[in-house]
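As a plain string of letters, each chain reads:
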Amino acid sequence: MYTGIQHLHSGLAYLVLIALIVVIVLMLIGSLSGKEFSEKDRKIALIAFILSHIQLVVGLILYVISPIGLELLTGGGAMSDSVARLTALEHPLINILAIVVITIGYSRAKKLLDSRARFRSIYMFYAVGLVLILSRIPWSSWLG
């Protein structure tokens, strides 16, 4: 079960990154072109929103059932080792923060009335979330 969830978390990460990039680009184009924010735009942003939340839930489940997740924090020494600190603390906390930022952007856009402001809210908050996610991906284990 652990291996399956680990593969799901890694595979879903690609979809989340692609979805966030697509939404950021589409919302930026929508804002700059002055078009009306449509239901289609909302649904596209919602897809990235939902995927990122599913990724967070899968990641939290993985963190709890992982033989190394919580143990690194309770075993001591994680703060002195950069790889252990990334796995035990930085990756989960920064990614939770990234999902919170994405959620704020999406929720804020739903309340706004001006199309340009709605586009801007989504692309700016999603971009900040994407940068946070990219900053804490364990690249050495993900690509190698």
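Residues numbered from 1 in each chain as written. Predicted model: local features only at pLDDT ≥ 70, side-chain atom pairs only at ≥ 80, totals over all residues. Heavy atoms only, no water.

1. With respect to the packing of helix α2 (residues 39-65) against helix α5 (residues 115-135)
Packing of α2 against α5 leaves a shortest axis separation of 11 Å and a crossing angle of 20°. Considered as vectors, α2 and α5 are oriented roughly parallel to each other. Where α2 crosses over α5, the handedness of that crossing is left-handed. Note on element contacts: α5 touches α2 through Phe 119, Ile 122 and Tyr 126, opposite Asp 41, Ala 45, Ala 48 and Phe 49. A class-by-class count of the residues in the contact of α2 with α5 yields 6 nonpolar, no polar and 1 charged. (Axes fitted to C-alpha atoms, helices over the stretch in contact; angles between N-to-C directions. Helix = DSSP H or I, 4+ residues; strand = E, 2+ residues; numbered from the N terminus. Parallel < 35°, antiparallel > 145°, perpendicular 65-115°, else oblique. Left-handed = near helix turned anticlockwise from the far one by under 90°. Contact = heavy atoms within 4.5 Å. Nonpolar A, V, L, I, M, F, W, Y, C, P; charged D, E, K, R; others polar.)

2. A closer look at the pattern of salt bridges
Scanning the entire structure with this criterion turns up 4 salt bridges. As a salt-bridge pair, Asp 41 and Lys 35 come within 3.5 Å of each other at their nearest N and O atoms. The class for Asp 41 is buried, based on a relative accessible area of 4%. Across the pair Glu 90 and Arg 136 runs a salt bridge whose closest N-O atoms are separated by 3.0 Å. (Salt bridge = Lys/Arg side-chain N within 4 Å of Asp/Glu carboxyl O. Buried < 20%, exposed > 50% of the residue type's maximum accessible area, 1.4 Å probe, protein only.)

3. Section: α2
Quick reminder: α-helices carry 3.6 residues per turn. Residues three or four places apart thus point the same way. End to end, α2 covers 39 Å across 27 residues, agreeing with the expected 39 Å (1.5 Å per residue, within 8%). For α2, the set of buried residues is Asp 41, Ala 45, Ala 48, Phe 49, Leu 51, Ser 52, Gln 55, Val 58, Gly 59, Leu 62 and Tyr 63. (Expected span 1.5 Å × (residues − 1).)

4. Remarks on the environment of Ile 122
Secondary-structure assignment places Ile 122 in helix α5. Considered as a pair, Ile 122 and Val 23 are 99 residues apart in the sequence and their alpha carbons are 8.1 Å apart. Apart from residues lying up to four places away in sequence, Ile 122 is in contact with Val 23, Met 27, Phe 37, Ala 45, Gly 105 and Ala 109.

5. Some details on the nonpolar core
Counting residues in each nonpolar core, the largest one holds 25 residues, and the members touching the most others are Leu 20, Met 27, Ile 122 and Tyr 126. Counting residues per element, the ones that place at least two in this core are α1 (2-33), α2, α4 (82-111) and α5. Beyond its immediate stretch of four places on either side in the chain, Tyr 126 contacts Leu 20, Val 23, Ile 24, Ala 45, Ala 48, Phe 49, Ile 102 and Tyr 106. (Core = buried A, V, L, I, M, F, W, Y, C linked by side-chain atoms within 4.5 Å.)

6. Brief notes about the confidence of the model for the chain
For the chain, per-residue confidence averages 91 on the pLDDT scale, and 95% of positions sit at 70 or higher. Here helix α3 (residues 69-75) stands out as the least confident element of the chain, with mean pLDDT 71; α5 is the most confident, with 97. (pLDDT = per-residue confidence, 0-100.)

7. Considering α1
Compared with an ideal rise of 1.5 Å per residue, which puts 32 residues at 46 Å, α1 spans 46 Å between its outermost C-alpha atoms and is within 8% of the ideal. Count one or two residues on from α1 and you reach Gly 34, which has phi positive near 75°.

8. With respect to the side chain of Arg 118
The residue Arg 118 is located in helix α5 in this model. No salt bridge is formed by the buried Arg 118; its nearest oppositely charged neighbour, Glu 39, is found at 6.7 Å. Polar side-chain contacts of Arg 118 include one of 2.9 Å to the backbone oxygen of Ala 109. In this structure Arg 118 touches Phe 37, Ala 109, Lys 110, Leu 112 and Leu 113, once residues within four positions along its chain are discounted. (Lys, Arg positive; Asp, Glu negative; His and termini not counted. Polar contact = N/O pair within 3.5 Å; in protein donor to acceptor, adjacent residues only side chain to side chain.)

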